[in-house]
Amino acid sequence: MEKYNLILLGPPGAGKGTHAEALKREFNVEHISTGDMLRAAVRGGTELGKLAQEYMNAGALVPDEVVIGIVRDRLIATRPERVLFDGFPRTPAQAEALEQVCLQVGLPRAIVIYLEVSDDEVVSRLSGRLQCHNCAKIYNTRYDQIEAGSECPACEGEVYQREDDKAEAIRQRLRVYREQTAPLFDYYRYRGPLVEVRAEGSTIEALSAEVVAAVRGAAD
Ligand SMILES: [Zn+2]
């Protein structure tokens, strides 16, 4: 495992954040979520952040050069030894650019993990998702005793439904995701190692254990 980065892919709502936590505990990799990174850049009002926001507001994917610029800045700033990329890359062009950036900063090649989840399951999961305005913690009306406008149990901030978690936006994101990522999986199937895990129909703990085992299998 010491010689690999990890790349965790899957549609929005596949549970990437949760399974990323398990992978981080198990393999001691630095977790880089492009979603969080993009939102941080947007909040910070950087030039790249402002550009990214225009696309996110429209429910579109942020263009490659913007995302890669944000990722490159982050890797150069903190110089991690091994990284778990979460939700990135999304296109073969991003994958190639990421390889170049990793070479530049001395990071190893990656095992790619794909979390497969059906569209219906994604819509069901995400339309219940709420986030705290204050501490950014994520909740779900399916599992937590909480609704939009409630107080965050962690920090007493207000929880709300993000624009990109509304049903219409979710369907649009899924269409864009499937269309754009199909060539990415062809790319990784050819280059390997790529492991696919069906990330539904079981408990979160059992699914995380499956993801970890799949990575161990691929690293051997
Ligand atoms: Zn909070």
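All of these numbers come straight from a predicted model, not from anything done at the bench. (Residues numbered from 1 in each chain as written. Predicted model: local features only at pLDDT ≥ 70, side-chain atom pairs only at ≥ 80, totals over all residues. Heavy atoms only, no water.)

Chemist: Describe in detail the overall build of the protein, supporting the description with residues and values.
Modeler: Along the protein, the regular secondary structure elements total eight helices and eight strands. Rg of the C-alpha trace for the protein: 17 Å, near the compact-globule value of 17 Å for 220 residues, within the 12% margin. Seen through its principal axes, the protein has C-alpha atoms that stretch 45 × 40 × 35 Å. Counting the 220 residues in the protein, one finds 45% classified as buried. Considering only contacts in the protein between residues 6 or more positions apart, those separated by 24 or more positions represent 71%. Accessible surface, the protein as shown: approximately 11400 Å² in total, 47% of it carbon and sulfur. Charged side chains of the protein number 27 positive and 34 negative; the gap between the two group centres comes to 2 Å. (Helix = DSSP H or I, 4+ residues; strand = E, 2+ residues; numbered from the N terminus. Rg over C-alpha atoms; globule rule 2.2 N^0.38 Å. Buried < 20%, exposed > 50% of the residue type's maximum accessible area, 1.4 Å probe, protein only. Contact = heavy atoms within 4.5 Å. Areas by Shrake-Rupley, 256 points an atom, 1.4 Å probe, with all protein chains shown as cover. Lys, Arg positive; Asp, Glu negative; His and termini not counted. Charge placed at Lys NZ, Arg CZ, Asp CG, Glu CD.)

Chemist: Now, about the coordination of the zinc ion: what can you tell me, with residues and values included?
Modeler: Around the zinc ion, the protein contributes the donor atoms Cys132 (SG), Cys135 (SG), Cys152 (SG) and Cys155 (SG), which lie 2.2 to 2.4 Å from the metal centre. Because the angles between the four donor atoms bound to the zinc ion fall within 99 to 114°, the donor set is best described as tetrahedral. In primary sequence terms, the donor set of the zinc ion follows C-x2-C-x16-C-x2-C. Taken together, the residues cysteine 135 in the loop between β5 (129-132) and β6 (138-140) and cysteine 152 in the loop between β6 and β7 (159-160) connect sequence positions 17 residues apart. Given the relative accessible area of 1%, cysteine 152 is considered buried. (Donors = N, O, S within 2.8 Å, 3.2 Å for Na, K, Ca; no water. Tetrahedral: all angles 85-135°; square planar, octahedral: opposite > 155°, others 65-115°.)

Chemist: How would you summarise the pattern of salt bridges if you had to cite specific residues and measurements?
Modeler: Applying the stated criterion across every chain yields a total of 16 salt bridges. A salt bridge links arginine 39 to aspartate 36, with the shortest nitrogen-to-oxygen separation between them at 3.3 Å. With arginine 39 and aspartate 36 both in helix α2 (residues 34-44) and three residues apart, this pair spans about one turn of that helix. Take arginine 39: its relative accessible area is 24%, and that puts it in the partly exposed class. A salt bridge links arginine 173 to aspartate 165, with the nearest nitrogen and oxygen atoms 3.7 Å apart. One salt-bridge network, in which partners are shared between bridges, spans Arg129, Arg162, Asp164, Asp165 and Arg173. (Salt bridge = Lys/Arg side-chain N within 4 Å of Asp/Glu carboxyl O.)

Chemist: Pulling in residues and values, what's your account of the sheet that holds strand β1 (residues 5-9)?
Modeler: Read across the open sheet, the five strands follow the order β2-β3-β1-β4-β8; overall the sheet is parallel. Both edges of this open sheet fall to β2 (30-33) and β8 (194-198), since each of them pairs with a single strand only. In this sheet, adjacent strand axes meet at a mean angle of 20° when their direction is disregarded. Looking at chain direction, strand β4 (residues 110-116) and β8 are connected through five bridges and run parallel. (Pairing = 2+ DSSP bridges. Axes fitted to C-alpha atoms, helices over the stretch in contact; angles between N-to-C directions.)

Chemist: With reference to specific residues and values, describe unusual backbone geometry.
Modeler: The backbone of asparagine 28 shows a phi angle near 55°, a positive value even though the residue is not glycine. Note that asparagine 28 resides in the loop between α1 (16-27) and β2. For glutamate 156, which is not a glycine, the phi torsion comes out positive at approximately 70°.

Chemist: Got a sec to walk through the confidence of the model for the protein? Specific residues and values, please.
Modeler: Here the protein averages 90 in pLDDT, and 99% of its residues register 70 or above. Here α2 stands out as the element of the protein with the lowest mean pLDDT, 83, in contrast to β7, whose mean of 96 is the highest. (pLDDT = per-residue confidence, 0-100.)

Chemist: Summarise the sheet that holds β6; cite the residues concerned and give the values.
Modeler: Taking strand neighbours across the sheet as the criterion, the three strands line up as β6-β5-β7 in an open arrangement whose pairing is antiparallel. Looking along the sheet, the strands with just one partner apiece sit at the ends: β6 and β7. Alignment of β5 against β7, held across two bridges, turns out to be antiparallel. Among the inter-strand pairings, cysteine 132 is bridged to a residue of β7, identified as valine 159.

Chemist: I'd love a proper account of the packing of helix α6 (residues 119-126) against helix α7 (residues 167-191), names of residues and values included.
Modeler: Taken N-terminus to C-terminus, the directions of α6 and α7 make an angle of 140°; their axes are 10 Å apart at the nearest point. By the angle class used here, α6 and α7 are oblique. The element α6 and its partner α7 pack so that their crossing is right-handed. Across the interface between the two elements, Asp119, Val122, Val123 and Leu126 from α6 touch Ile170, Arg171, Arg173, Leu174 and Arg178 from α7. Of the residues belonging to the contact of α6 with α7, the class tally is five nonpolar, no polar and four charged. (Parallel < 35°, antiparallel > 145°, perpendicular 65-115°, else oblique. Left-handed = near helix turned anticlockwise from the far one by under 90°. Nonpolar A, V, L, I, M, F, W, Y, C, P; charged D, E, K, R; others polar.)

Chemist: Lay out the nonpolar core with the relevant residues and their values.
Modeler: Residues Ile7, Leu9, Val71, Leu75, Phe85 and Tyr188 are the most contacted members of the largest nonpolar core, which totals 32 residues. The set of elements that each furnish at least two residues to this core consists of β1, α2, α4 (64-78), β3 (83-86), α5 (92-104), β4 and α7. Membership of the second largest hydrophobic core comes to 27 residues, among which are Leu8, Ala20, Ile111 and Ile170. (Core = buried A, V, L, I, M, F, W, Y, C linked by side-chain atoms within 4.5 Å.)

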